[in-house]
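Spelled out from the first residue to the last, the chains are:
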Amino acid sequence: MSQASRSAELFERYAGNPVLTAGDWPYTVNAVFNPGVTRLNAETLLVVRVEDRTGLSHLCIARSGDGLEGWTIDADHRLLPEVDSETERYGIEDPRVTLCGDEYMVVYTGYSSHGPLVRLASTCDFKTFERRGTLMPPEDKDAALFPHTFDGRFALIHRPVAVAPRQMAHIWLSWSPDLHFWGDHTVLIPAREGGWWDANKVGLGPPPLETERGWLLLYHGVRVTAAGALYRLGLALLDLEHPERVLARSSEWVFGPQASYELAGDVPAVVFPCGWTLGDDGDTIRIYYGASDTSICVATASLAALLDWLERHSS
Ligand code: BMA
């Protein structure tokens, strides 16, 4: 078996992990994790989920020239939860950033009085944010927009939870002409069943990445064990023009908790990316992920290697 065909070799952890921890923050916080990512003005910009010591989360911007070191934390421009509203009463979490035209769309989880729901805010500069409302009611999370419309319609990937006939959480796709009214809801990636690594509960990681072969998805699968839940990552590929068509889905997971910082923390055995970047070479992918709901880490992969591997390991 060649190196590249072993999923364990597809991602390489940055030797300087974790790249950001609570101790890097200019104010007292409990944990920093699950950041959304984009590139702006030749910098890597993270929209970081910051959990303070009330237990509630808000979003805060961190910037770095090389995306690995020398981070500056912009405590003056935070997106704080509207705790007096129903929709953000218990905080805001897990942002996914998509550049649509000249606006950055930040889709995040609002922890509402009635459970998690999908919210949208837009920004051009990550200094001021315009709230654009609730896209999906509870229980729903792990959502992101595609960077452009399809025949004039926006497409949203999200993850509602069903309780009957049994508790299942599949990845869905929904459509909208205006980011306000949503319909044509369809299951995109169902959770598998039984002993699979992604049985019962799956959810989108970073926003979909446009490649020559299709939209690449990185998604998490949750396996509940006697020791607790294990969050691992798999790949899928969607048709470029018809993203409701799933072209491939990895049979195996491609990245899972292994390093000490992924195995110990507030929620052990969790790797949870909400963003990735594609390098100027068109091949180097960096995922930015929360490790154990405690810190922020980076791992790299080759886009070509991921796509080749997925073609050979699709179920
Ligand atoms: C999920 C989300 C993530 C979190 C993960 C592991 O349901 O709430 O924010 O990282 O659980 O705790």
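No experiment lies behind these values; they were computed from the predicted model shown.

### What about the overall build of the chain?
Here's step 1: Looking only at helices and strands, one finds two helices and 21 strands in the chain.
Here's step 2: Expected size for 315 residues packed as a compact globule is a radius of gyration near 20 Å; at 18 Å, the chain falls within 12% of this value.
Here's step 3: Considered along the principal axes of its C-alpha atoms, the chain spans approximately 50 × 45 × 45 Å.
Here's step 4: Sorting the 315 residues of the chain into buried and exposed places 55% on the buried side.
Here's step 5: Sequence separation of 24 or more characterises 49% of the internal contacts of the chain that already satisfy a separation of 6 or more.
Here's step 6: Carbon together with sulfur atoms contributes 49% to the accessible area of the chain, which is approximately 13200 Å² in total.
Here's step 7: When the 26 positive and 42 negative side-chain charges of the chain are each reduced to one mean point, those points stand 5 Å apart.

### Re the state of the cysteines
As used here, a disulfide is simply a covalent bond connecting the sulfur atoms of two cysteines.
Here's step 1: With the rule as written, the count across this model stands at zero disulfides.
Here's step 2: Cys-100 carries a free sulfur, and the closest cysteine sulfur to it, the one in Cys-124, is 11 Å from it.
Here's step 3: In this structure Cys-100 comes out as buried when scored by relative accessible area, which is 11%.

### With respect to the nonpolar core
Here's step 1: Membership of the largest hydrophobic core comes to 27 residues, with the highest contact counts inside it found for Phe-11, Leu-216, Phe-255, Ile-287 and Tyr-289.
Here's step 2: Broken down by secondary-structure element, the contributors of at least two residues to this core are strand S16 (214–225), strand S17 (228–238), strand S19 (271–278), strand S20 (284–291), strand S21 (295–302) and helix H2 (303–312).
Here's step 3: In terms of residues, this core owes the most to one element, H2, which gives five residues.
Here's step 4: Not counting residues up to four positions away in its chain, the partners in contact with Phe-11 are Leu-218, Val-254, Phe-255, Ile-287, Ala-299, Thr-300, Ala-301 and Leu-306.
Here's step 5: Of all hydrophobic cores here, the second largest spans 20 residues; its members include Leu-173, Leu-188, Trp-197 and Leu-238.

### Quick word on the sheet that holds S19
Each strand in a sheet pairs with its neighbour through backbone hydrogen bonds, running either in the same direction (parallel) or in the opposite one (antiparallel).
Here's step 1: Taken in spatial order, the four strands of this open sheet run S1-S21-S20-S19, and their pairing is antiparallel. Strands at the two margins of the open sheet, each flanked by one partner only, are strand S1 (12–13) and S19.
Here's step 2: Bridge count between S20 and S21: eight bridges; the pairing is antiparallel. Following the sheet pairing, Tyr-289 is matched in S21 by Cys-297.

### Details of the environment of Gly-65
Here's step 1: Within the secondary structure, Gly-65 is located in the loop between strand S4 (57–64) and strand S5 (72–79).
Here's step 2: The exposure class of Gly-65 is exposed, given its relative accessible area of 52%.
Here's step 3: The spacing of Gly-65 and Val-271 is 206 residues in sequence and 24 Å in space, taken between C-alpha atoms.
Here's step 4: The contact partners of Gly-65, leaving out residues within four places of it in the chain, are Arg-39, Ala-42 and Glu-43.

### Some words on H2
Here's step 1: Three or more residues of H2 are buried, namely Leu-303, Leu-306, Leu-307, Trp-309 and Leu-310. Taken end-on, H2 shows its buried residues confined to a sector of 165°, consistent with a single buried face.

### A look at the site of the ligand
Here's step 1: The environment of the ligand is formed by Asn-34, Arg-49, Asp-94, Lys-141, Tyr-231, Val-267, Val-270, Phe-272 and Asp-293.
Here's step 2: Contact between the ligand and Arg-49: an oxygen atom at 2.7 Å from a side-chain N or O atom of the residue.
Here's step 3: The separation between an oxygen atom of the ligand and a polar side-chain atom of Asp-293 is 2.6 Å.
Here's step 4: The class makeup of the residues in the shell around the ligand is four nonpolar, one polar and four charged.

Thresholds, definitions, all that
Residues numbered from 1 in each chain as written. Predicted model: local features only at pLDDT ≥ 70, side-chain atom pairs only at ≥ 80, totals over all residues. Heavy atoms only, no water. Helix = DSSP H or I, 4+ residues; strand = E, 2+ residues; numbered from the N terminus. Rg over C-alpha atoms; globule rule 2.2 N^0.38 Å. Buried < 20%, exposed > 50% of the residue type's maximum accessible area, 1.4 Å probe, protein only. Contact = heavy atoms within 4.5 Å. Areas by Shrake-Rupley, 256 points an atom, 1.4 Å probe, with all protein chains shown as cover. Lys, Arg positive; Asp, Glu negative; His and termini not counted. Charge placed at Lys NZ, Arg CZ, Asp CG, Glu CD. Disulfide = S-S within 2.5 Å. Core = buried A, V, L, I, M, F, W, Y, C linked by side-chain atoms within 4.5 Å. Pairing = 2+ DSSP bridges. Arc of directions from axis to C-beta. Near = heavy atom within 4 Å. Polar contact = N/O pair within 3.5 Å; in protein donor to acceptor, adjacent residues only side chain to side chain. Nonpolar A, V, L, I, M, F, W, Y, C, P; charged D, E, K, R; others polar.

Everything listed here is a matter of geometry and, on its own, says nothing about what the molecule does.
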